[in-house]
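Structure at a glance
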Amino acid sequence: MSQPRIRLLALGGTIATQPGTQGMKQGLGGDDLVRMVPGLDTVADVTAETISRTGSGNLTLDAVYALAARIEALATARDVDGVVVTQGTDTLEETAFLLDLLLDVDIPVVMTAAMRNTGMVSHDGPGNVLAAARVAAAPWARANDVGVLVALLDHVHAAFDVAKTETSRIDAFRSPATGPVATLVEDRVVQLMRPVRDWKQTLRTAIGASPAARLGGAAAPVALLWLSLGEQGALIDAVLADARHLGFGGVVLGAMGGGHVPELLVERLTALSQRLPVVVASRTGAGPLLRRTYEGTGSEIALRAAGLIYAGRLPPLKARLLLDLLLRAGAGRATIAAVFDACG
Ligand code: ASP
């Protein structure tokens, strides 16, 4: 019986590094990664493309839009049965979520990476590529609406929920609110739960299917402002004072706890939200925002009534990507609020 055809798209990152003169440097391409994995040919017929050879901090949103368009083209042409994307771990949760926002394909898309480079004992790149290929070849990943998946250290995570939670530990990737979607054991991928996907349907209704090819290059920069103890709001003042809002099309706040901000900032945030969409997300990184627990200045009840949009379960990094996409698509305030409302 013929094997599933998997295309590995390589972007760079630790998984693609090799020894330099002072430390590890970027260099390996997709074919090198395929060659590094013993037994990969028993799992799938894997071909590779090298998209870039760069650290994940250098990737741009437009590069991810172009990657999504490439994956859509592969799926439409029926050239492959699944896609594996390799990149650096630093921005993996963002790329995975942005791909999940952009893609409407009926083949599995699985991202992976490495926490340990090839110069280290027990480097995890080859094992992670093998695991990602197994997931991309697994019938359940095609049969269920699971969205973009992230496979590392034999756990499979939903793009919506996964986060890098440590700087260098091999088990850095977790889904703090939900746990993994699946786990690998022997040669099997065992599904543990079904990711919630209602939000994706709401997004599609709002902006249409397959937006990557239409909206790549139409950048609408979104400011990400992290709120912390004693914040005085100088950056909010700067955005408010500039006639063009410093070029920003919207603002995401890394707000406190269940969606609270210091009282000192409320007047200015309310003024800002009358000019731009201002989205509140929790800097805790997991769990739904509150809607009707606290009253008073700076509370979720007051801020929602003042027009600030609440991001539900989305953490600030991911809320920024969704707001950027909605702005690129020309969505108005009511549509933006409806899509974020569907996120928990
Ligand atoms: N700095 C690297 C990157 O994100 C880290 C990694 O790949 O683990 O590209």
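Preceding block: the structure.
To keep things clear, this report deals only with the structure shown in the data block. (Residues numbered from 1 in each chain as written. Predicted model: local features only at pLDDT ≥ 70, side-chain atom pairs only at ≥ 80, totals over all residues. Heavy atoms only, no water.)

1. Examining the overall build of the protein chain
Counted only if it meets this: We count a stretch as a helix when DSSP gives it H or I for four or more residues in a row; a strand needs E for two or more, and each element gets its number in order from the N terminus. Note on method: radius of gyration uses C-alpha positions; expected globular size equals 2.2 Å times residues raised to 0.38. Only protein chains enter the accessibility calculation, which uses a 1.4 Å probe; a residue whose area is less than 20% of its type maximum is buried, one above 50% is exposed, and one in between is partly exposed. What makes two residues a contact is simply this: any of their non-hydrogen atoms within 4.5 Å. Using the Shrake-Rupley algorithm and a 1.4 Å probe, accessible areas are obtained, with residue cover drawn only from the displayed protein chains. For the purpose of counting charges, residues Lys and Arg are taken to be positive, whereas Asp and Glu are taken to be negative. His and the chain ends are not included. Lysine's charge is taken at NZ, arginine's at CZ, aspartate's at CG and glutamate's at CD.
Counting secondary structure elements, the protein chain contains 12 helices and 16 strands. Relative to a compact globule of 344 residues, whose C-alpha radius of gyration would be 20 Å, the protein chain shows 21 Å and is just as compact. Residues counted as buried form 51% of the 344 residues belonging to the protein chain. In the protein chain, once contacts between residues fewer than 6 apart in sequence are set aside, the share between residues at least 24 apart is 75%. Total accessible area on the protein chain is roughly 14,500 Å²; 52% of this is exposed by carbon and sulfur atoms. In the protein chain, 31 positive and 33 negative side-chain charges are present, and the distance between their average locations comes to 1 Å.

2. Structural notes on the site of the ligand
Put simply, the rule is: Proximity is defined per residue: any heavy atom of the residue falling within 4 Å of a molecule or strand makes that residue near it. Side-chain atoms alone can form a polar contact between residues adjacent in sequence; in general such a contact is a pair of N or O atoms within 3.5 Å, and within protein one must be able to donate a hydrogen while the other accepts it. Three categories are distinguished: nonpolar for Ala, Val, Leu, Ile, Met, Phe, Trp, Tyr, Cys and Pro, charged for Asp, Glu, Lys and Arg, and polar for the others, with Gly belonging to the last.
Neighbouring the ligand are Gly13, Thr14, Gly55, Ser56, Gly88, Thr89, Asp90 and Ala114. A distance of 2.6 Å separates an oxygen atom of the ligand from a polar side-chain atom of serine 56. Residue threonine 89 places a side-chain N or O atom 2.5 Å away from an oxygen atom belonging to the ligand. Isolated, the ligand exposes 270 Å² of accessible area, and the fraction of that covered by the protein chains is 81%. Classifying every residue of the shell around the ligand gives 1 nonpolar, 6 polar and 1 charged.

3. A closer look at the pattern of salt bridges
Let me state the cut-off plainly: A carboxyl oxygen of Asp or Glu within 4 Å of a side-chain nitrogen of Lys or Arg is what we treat as a salt bridge.
This model, assessed by the stated rule, comprises 17 salt bridges. With its nearest N and O atoms 2.6 Å apart, the salt bridge here joins arginine 7 to glutamate 49. On the criterion of sequence distance, the pair formed by arginine 7 in strand β1 (residues 5-10) and glutamate 49 in strand β4 (residues 45-50) is long-range, its members being 42 residues apart. Residue classification places arginine 7 among the buried positions, given a relative accessible area of 15%. When the shortest N-O distance is used, the salt bridge between arginine 70 and glutamate 49 registers 2.8 Å. Of this pair, arginine 70 sits in helix α2 (residues 61-76) while glutamate 49 sits in strand β4; the two residues are 21 residues apart in sequence, bridging distant segments of the chain.

4. Observations regarding the sheet that holds strand β16 (residues 309-310)
Put simply, the rule reads: Pairing between two strands requires that DSSP report at least two bridges joining them.
The sheet built from 4 strands is open, its strands ordered β13-β14-β15-β16 with parallel pairing. The open sheet has two free edges, formed respectively by β13 (222-226) and β16, since each of these has just one partner strand. Across 2 bridges, the pairing between strand β15 (residues 278-282) and β16 is parallel. Residue valine 280 lies in a different strand from β16, and its bridge partner there is tyrosine 310.

5. A word on the sheet that holds β4
Spelled out, the test is: Note on definitions: angles span 0 to 180 degrees between N-to-C directions of axes, and those axes are lines fitted to C-alpha atoms, for helices only across the stretch in contact.
The strand order β4-β1-β5-β6-β7-β8-β11-β12 describes an open sheet built from 8 strands, whose pairing is mixed. Each edge of the open sheet carries a strand with a single partner, namely β4 and β12 (188-191). Along the sheet, successive strands turn relative to each other by an average axial angle of 25°, direction set aside. Pairing geometry for strand β11 (residues 182-185) and β12, over 4 bridges, is antiparallel. Bridged to valine 185 within β12 is arginine 188. With respect to the sheet, helix α3 (residues 92-102) is in contact with β6 (109-112) and β7 (149-152), its orientation differing from that of β6 by roughly 170°.

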